[in-house]
Each structure stands twice: as structure tokens, then as C-alpha cells.
Amino acid sequence: MSIRIAVLASGAGTNAEALIEASHRNELGGGEVVAVVSDREDALALERARSHGVEGVFVDPAPYPDRDSYGEALLKELEARGVELVCLAGFMRILAAVFIQAFPSRVLNIHPALLPSFSGANAVSDALAWGVKVTGSTVHFADEKVDHGPILLQEAVPILAGDTEESLQMRIKAVEHRIYPSAVRAVCEGRVLVEGRNVKIEGEH
Ligand code: GRF
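Residues numbered from 1 in each chain as written. Predicted model: local features only at pLDDT ≥ 70, side-chain atom pairs only at ≥ 80, totals over all residues. Heavy atoms only, no water.

Q: Now, about the site of the ligand: what can you tell me, with residues and values included?
A: In the vicinity of the ligand, the residues found are Ala-12, Gly-13, Thr-14, Asn-15, Gly-90, Ile-110, His-111, Pro-112, Lys-173 and Glu-176. A distance of 2.6 Å separates an oxygen atom of the ligand from a polar side-chain atom of Lys-173. Between an oxygen atom of the ligand and a side-chain N or O atom of Glu-176, the distance comes to 2.6 Å. Starting from 370 Å² of accessible surface for the ligand in isolation, the protein chains cover 88%. When contributions to the shell around the ligand are tallied by element, the ones reaching two or more residues are α1 (14-24), β5 (107-111) and α6 (165-188). Classifying every residue of the shell around the ligand gives three nonpolar, five polar and two charged. (Near = heavy atom within 4 Å. Polar contact = N/O pair within 3.5 Å; in protein donor to acceptor, adjacent residues only side chain to side chain. Areas by Shrake-Rupley, 256 points an atom, 1.4 Å probe, with all protein chains shown as cover. Helix = DSSP H or I, 4+ residues; strand = E, 2+ residues; numbered from the N terminus. Nonpolar A, V, L, I, M, F, W, Y, C, P; charged D, E, K, R; others polar.)

Q: An account of unusual backbone geometry is needed here, citing residue identities and associated values.
A: Leave glycine aside and you will find that most residues have negative phi; peptide bonds, for their part, are mostly trans. Along the chain, Leu-115 connects to Pro-116 via a cis peptide bond; the corresponding omega equals 10°. Mapped onto the secondary structure, Pro-116 falls in the loop between β5 and α5 (123-130). Positive phi, normally seen in glycine, also occurs at Ser-105, with a value near 55°. Among the structural elements, Ser-105 can be located in the loop between α4 (97-102) and β5. Here Phe-118, not a glycine, exhibits a phi torsion of approximately 55°, which is positive. Locating Phe-118 in the fold gives a position in the loop between β5 and α5. Looking at Phe-118, the relative accessible area reads 19%, which means it is buried. (Buried < 20%, exposed > 50% of the residue type's maximum accessible area, 1.4 Å probe, protein only.)

Q: Pulling in residues and values, what's your account of α6?
A: Spacing of three or four residues puts side chains on the same side of an α-helix, whose turn is 3.6 residues. Helix length check: α6 (24 residues) gives 33 Å between terminal C-alpha atoms against 34 Å at 1.5 Å per residue, within 8%. In α6, a bend of some 25° at Glu-176 exceeds every other bend along the element. Listed in full, the buried residues belonging to α6 are Leu-168, Ile-172, Val-175, Glu-176, Ile-179, Tyr-180, Pro-181, Ala-183, Val-184, Ala-186, Val-187 and Cys-188. Gly-190 sits one or two positions beyond α6 and adopts a positive phi of about 70°. (Expected span 1.5 Å × (residues − 1). Bend = angle between axes of the 7 residues up to and from the residue.)

Q: Which residues make up the environment of Gly-90, and what values do they have?
A: When you line up the elements, Gly-90 lands in the loop between β4 (85-88) and α4. Gly-90 gets classed as partly exposed once you look at its relative accessible area, which sits at 34%. Expressed as a C-alpha distance, the spacing of Gly-90 and Gly-11, which sit 79 residues apart in the sequence, is 6.4 Å. Apart from residues lying up to four places away in sequence, Gly-90 is in contact with Leu-8, Ala-9, Ser-10 and Gly-11. (Contact = heavy atoms within 4.5 Å.)

Q: Account for the packing of aromatic side chains, with residues named and values stated.
A: All chains considered together, the criterion is met by two aromatic pairs. Ring geometry for Tyr-64 versus Tyr-70: centroids 5.9 Å apart, planes at 50°, classification tilted. Judged by its relative accessible area of 33%, Tyr-64 falls in the partly exposed class. Residue Tyr-70 is classed as buried on the basis of its relative accessible area of 6%. Ring geometry for Phe-99 versus Phe-103: centroids 5.6 Å apart, planes at 45°, classification tilted. Judged by its relative accessible area of 7%, Phe-103 falls in the buried class. (Phe/Tyr/Trp six-rings, centres within 6.5 Å; stacked < 30°, edge-to-face > 60°.)

Printed below as a string of C-alpha cells:
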């Protein structure tokens with residue numbers, strides 16, 4: 001029995017695609033991406049999903065007055081599809097507590113910086129503006145605070161002379177497309193132990 005995964009994405013969906021491709025190559029340790037869910041009807045992420053034969057689901061936030069009711073609506077869609085693991089990949093909304101609580105230690109997020117540095121929506125440009133020499137990407141469990149939960153994997157990306165937001169983002173995404181599937185695989189294979197903020201992955205240093 002596979003572990004049914006939904007990817008939530010608002011934008012380009014390159015991470016969603018990397019997870020779908022890994023899923024189709026059976027590289028997610030029994031995990032299977034069954035749907036990409038978006039709050040934007042025109043998200044490229046939905047198109048990418050459909051082009052790989054994966055269901056793309058638009059959940060319109062407009063009819064819902066607040067975060068909780070939208071969270072409930074998302075939950076319903078996921079429950080209808082038997083989803084057990086949620087991967088946030090550029091989903092540009094804060095999720096309701098009720099959503100996070102419905103999937104204890106089963107919501108992952110990827111963030112384009114080495115958390116806790118540069119949390120928030122502008123991590124790549126913030127790192128450039130700060131003048132750091134190294135940034136990177138973080139895969140972590142999502143909790144009720146933004147970009148906050150226990151960290152599964154991180155990888156550094158050096159900032160090069162002449163980097164623009166676009167060039168740096170491209171190199172970060174190349175790393176993300178590798179580390180997100182490997183974090184998901186570790187979770188699906190049951191190799192992840194969470195003790196407070198500390199996460200141990202069996203078979204990793
Ligand atoms: C990624 O860089 C991810 O770290 C951040 O949003 C971006 C999404 O990119 N949370 P894409 O839509 O997967 O191409």
C-alpha cells in the first residue's frame with residue numbers, strides 16, 4: 001500500500017514536478033503523489049501535475065471568509081483522496097491550525113534559505129540584500145508558526161559575485177529538487193525520528 005501524498009503549490013510548481021517525477025520513478029519509498037492542490041486556478045503547478053497524469057485540484061479561497069474555513073475546505077479535498085502526507089511547495093498561504101493538527105508530523109515544507117535565517121516570503125532577495133555569502137534550502141516539518149517546525153534536511157548554496165535573485169533562485173531550486181524527494185522518501189520509509197526540535201534520519205549522518 002502506497003502512502004498517498006498531496007503537494008500544495010501556488011506558483012511555478014517545479015518542486016511539485018520533482019516530487020511527481022520521483023514518485024513515478026518509485027523513489028519516494030512507497031510514497032505516491034496523487035494530487036497537486038492549489039489556491040490559484042492559473043498556477044503552473046496544476047498544469048505540470050496534469051501533464052504528468054496527476055490530478056490538479058484548484059480550491060478557490062474566495063468563498064471562505066477566514067483561514068480556518070479555507071483550511072477545512074482543503075482538508076476535505078485531501079481526505080476525499082485518502083491523503084496521508086502533505087508537501088508544501090511554494091504554497092503562499094498560512095495554513096490553519098486545524099489543518100496542521102489533522103496531519104501530525106505529516107506536513108512538510110521547503111523553504112529557500114537556511115532556516116532560521118530569512119524566514120518569510122522573500123527569502124532569496126532578503127539573503128542577497130543582507131550580503132550573506134551562503135544561503136541554501138531547508139526541508140522542515142510545518143507547525144503552526146511560519147517556517148518554524150523541526151528541520152529534516154538543509155543544504156547550503158553559495159552566493160556568487162554578480163548573483164541576481166533569479167540566478168540564485170535557480171541554483172537553490174536545483175538543490176531543492178534533490179533534497180525534497182529525499183526527505184519525503186525518508187519520511188515514507190519510516191526512517192525519521194522527531195525529538196522536540198531535533199530530527200534524526202536513520203542512514204544519514
Ligand atoms: C521554492 O523555492 C520553495 O523553497 C519556496 O517556494 C519556491 C517554490 O518554487 N517555498 P516552485 O513553485 O516549486 O518552482
